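# Observations on the model geometry
So the chains spell out like this:
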Amino acid sequence: MLPGTFRPKLFNGSAIAGIRLIRLEEIRPKMLPRILGLSSENAAHRFAVEWGEGDQANQGVYIPRRDTDSRMIHRSSHPAASPAAAARRPSASP
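Below is a short write-up of the structure. In this text the structure is predicted, and so the values were computed from the model without any measurement. Numbering of residues starts from 1 in every chain and runs along the sequence as written. Local features are withheld for residues below a pLDDT of 70 in this predicted model, meaning they are given only at 70 or higher, and side-chain atom pairs are given and counted only at 80 or more; totals for whole chains, interfaces and linings count all residues. Each side-chain value is derived from all of the structure's non-hydrogen atoms; neither hydrogens nor water enter the calculation.

### Looking at the pairing of strand β6 (residues 56–68)
Residues in a regular strand project their side chains so that they alternate between the two faces of the sheet. Cut-off, in case you're wondering: Between any two strands, at least two bridges found by DSSP are needed for them to pair. Secondary structure follows DSSP: runs of H or I at least 4 residues long count as helices, runs of E at least 2 residues long count as strands, and numbering of each begins at the N terminus.
Sheet topology places strand β5 (residues 38–53) next to β6; eleven bridges connect them, and they run antiparallel. Residue pairing in the sheet places G52 in a bridge with A57 of β6. Hairpin connection from β5 to β6: two residues lie between these consecutive antiparallel strands, with G54 at a positive phi of about 65°.

### Here's the deal with the pattern of salt bridges
Stated formally: Each reported salt bridge corresponds to a side-chain nitrogen of Lys or Arg within 4 Å of a carboxyl oxygen of Asp or Glu. Here's how the labels work: a residue is buried when its accessible area is under 20% of the maximum for its type, exposed when over 50%, partly exposed in between, all with a 1.4 Å probe on protein chains only.
Taken as a whole and judged by the stated rule, the model has four salt bridges. Linking R23 and E41 is a salt bridge whose minimum nitrogen-to-oxygen distance equals 2.6 Å. One end of the pair, R23, is in strand β4 (residues 17–27); the other, E41, is in strand β5, with 18 residues separating them in the sequence. The partner of R65 in a salt bridge is D67, and the shortest N-O contact between them spans 3.0 Å. Given a relative accessible area of 48%, R65 falls into the partly exposed group. According to the relative accessible area criterion, D67 is partly exposed, its value standing at 29%.

See below:
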């Protein structure tokens, strides 16, 4: 399930995973009125991961899937936001 460069971060022998629920409201350029803003309910499926680069150990969050109820946000998703590009570092909590 994880790309080859990642390994699961373990806590007491178990992998750490979760779903982050995100509500966005009134997203718009500041100059536009609130009524023209977009709102959406979103979910990000997340896994705590570790990987190595040379002799440096890294940790972050791998997000293989994002869901939204907004057709506009879904259509505007860009291939550059692929799961392999979704690891961030450092992450205090997954």
